[in-house]
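The lines below spell out each chain.
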Amino acid sequence: MPEKLIKSKARVQKHGEVFTPSWMIQKMLNAEGVKEACENLTTTFLEPAAGEGNFLVAILKRKLAMVSKKYNKSIRQYTHYSLYALSTLYGVELLEDNAQMCVMNLFEVYKDFYEKAVNCHEEKQSEIALNSAKFIISKNIVQGNFLTRKLSSGEPIIFSEWELVKKTPTMIKVHRTEYSLDEIFAGNSKESGTQAELP
């Protein structure tokens with residue numbers, strides 16, 4: 001069945017909504033420099049027109065595949081490192097249905113990889129880990145207008161920075177600090193926010 005690249009002609013005319021085909025996404029992510037970034041734990045990505053998350057999902061799959069190979073000696077190690085990899089992906093999407101689908105798609109990919117790791121270590125799933133993934137995605141994927149840098153309510157778009165402050169073979173600690181998109185564009189820095197250990 002051919003890939004669906006538009007939802008309707010009306011949406012194309014009103015919003016210019018056309019989805020990138022998966023073969024093109026893979027080709028772009030295989031470009032020199034980009035491929036290495038997709039397999040780097042700490043490299044961050046921001047998709048200004050996230051749609052249903054096709055680019056972010058493809059990048060997440062690559063990051064989690066890397067975590068599965070390099071940081072999978074225990075379920076604790078896998079959980080910490082996979083959640084941190086998830087925290088490096090950000091997206092802004094104008095249309096509500098797309099933004100919701102993007103959130104769902106990212107969570108489903110994370111959950112699939114997490115379940116494989118749990119089975120590999122013959123452990124039980126942790127609701128805390130899955131809820132942490134939902135929380136990270138809810139902070140990193142925003143429904144709003146990237147050009148105006150605002151939500152539909154008129155409030156500024158706010159993102160969480162998950163700054164890596166401590167890393168051991170089995171554990172990662174982060175500082176979570178909130179920045180508006182305007183502050184990010186201006187290059188503002190703040191004192192580190194709340195410290196948290198990933199579950």
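The rules behind the values
- Residues numbered from 1 in each chain as written.
- Predicted model: local features only at pLDDT ≥ 70, side-chain atom pairs only at ≥ 80, totals over all residues.
- Heavy atoms only, no water.
- 1 Å grid on protein atoms, 1.4 Å probe; cavity = no way out; pocket = protein on both sides within 12 Å on 5 of 7 lines; lining within 4 Å.
- Points joined across faces, edges and corners; volume = space filled by probe spheres on them.
- Helix = DSSP H or I, 4+ residues; strand = E, 2+ residues; numbered from the N terminus.
- Nonpolar A, V, L, I, M, F, W, Y, C, P; charged D, E, K, R; others polar.
- Buried < 20%, exposed > 50% of the residue type's maximum accessible area, 1.4 Å probe, protein only.
- Polar contact = N/O pair within 3.5 Å; in protein donor to acceptor, adjacent residues only side chain to side chain.
- Contact = heavy atoms within 4.5 Å.
- Patch = residues over 30% accessible without salt bridge, like charges linked within 9 Å, V, L, I, M, F, W, Y side chains within 5 Å.
- Areas by Shrake-Rupley, 256 points an atom, 1.4 Å probe, with all protein chains shown as cover.
- Salt bridge = Lys/Arg side-chain N within 4 Å of Asp/Glu carboxyl O.
- Phe/Tyr/Trp six-rings, centres within 6.5 Å; stacked < 30°, edge-to-face > 60°.
- Lys NZ or Arg CZ within 6 Å of the ring centre and 35° of its normal.
- Axes fitted to C-alpha atoms, helices over the stretch in contact; angles between N-to-C directions.
- Parallel < 35°, antiparallel > 145°, perpendicular 65-115°, else oblique.
- Left-handed = near helix turned anticlockwise from the far one by under 90°.

Peer 1: Looking at this model, I keep getting lost on empty space enclosed by the protein. Mind explaining?
Peer 2: Empty space among the atoms becomes visible once a probe the size of a water molecule is rolled across them. Tallied over the entire structure, the rule returns 1 cavity of 30 Å³ or more. The volume enclosed by the largest cavity comes to roughly 40 Å³. Lining the largest cavity are Leu-86, Leu-89, Leu-106, Ile-136, Ile-137, Asn-140 and Ile-141. Top element by residues in the lining of the largest cavity is helix α7 (residues 127-140). It accounts for 3 residues. Its residues assigned to classes, the lining of the largest cavity shows 6 nonpolar, 1 polar and no charged.

Peer 1: Hey, could you run me through the side chain of Thr-88 in this one?
Peer 2: Residue placement: Thr-88 occurs in the loop between α5 (75-86) and β2 (89-93). Thr-88 sits in the buried class, given a relative accessible area of 2%. Polar contacts involving the side chain of Thr-88 include one to the main-chain carbonyl oxygen of Ala-85, which spans 2.6 Å. Ignoring anything within four residues of it in the chain, the contact list for Thr-88 reads Leu-41, Thr-42, Thr-43, Thr-44, Phe-45, Lys-63 and Asn-140.

Peer 1: When you look at a nonpolar patch on the surface in this model, what are you seeing that I'm missing?
Peer 2: A surface patch of nonpolar side chains, about 320 Å² in accessible area, is lined by Trp-23, Met-24 and Met-28. Within the secondary structure layout, Met-28 lies in helix α2 (residues 22-29).

Peer 1: When you look at the packing of aromatic side chains in this model, what are you seeing that I'm missing?
Peer 2: Centre distance and the angle of the planes are the two values used to describe a pair of aromatic rings. Inspection of the entire model under this criterion finds 5 aromatic pairs. Where Tyr-71 meets Tyr-81, the ring centres are 4.1 Å apart and the plane angle is 10°; that geometry is what we call stacked. Pair noted here: Tyr-71 is in the loop between α4 (54-70) and α5 and Tyr-81 is in helix α5, with a separation of 10 residues, a long-range link. We note that Tyr-71, like Tyr-81, is buried. Summarising the aromatic geometry, the rings of Phe-146 and Phe-185 are spaced 5.8 Å apart at their centres and angled 55° between planes, so their arrangement reads as tilted. You can see Phe-146 sitting in the loop between β3 (141-143) and β4 (158-167) and its partner Phe-185 sitting in helix α8 (residues 181-186), a full 39 residues away along the chain. Of note, Lys-116 hangs over the ring of Phe-113, and the distance from its end group to the ring centre comes to 5.6 Å. Residue placement shows Arg-149 over the ring face of Phe-185; its charged tip is 3.7 Å from the ring centre.

Peer 1: Even after reading the chapter, I still don't get the packing of α4 against helix α6 (residues 96-120), so can you show me in this structure?
Peer 2: Axis angle and axis distance: for two packed helices, these are the angle between their axes and the distance between the axes, and together they describe the pair. Across the interface, α4 lies against α6 with an axial gap of 10 Å and an inter-helix angle of 20°. As far as their axial angle goes, α6 and α4 are roughly parallel. For the element pair α4 and α6, the recorded crossing hand is right-handed. Seen from α4, the contacting residues are Leu-56, Val-57, Leu-60, Lys-61, Leu-64, Ala-65 and Ser-68; seen from α6, they are Cys-102, Asn-105, Leu-106, Val-109, Tyr-110 and Phe-113.

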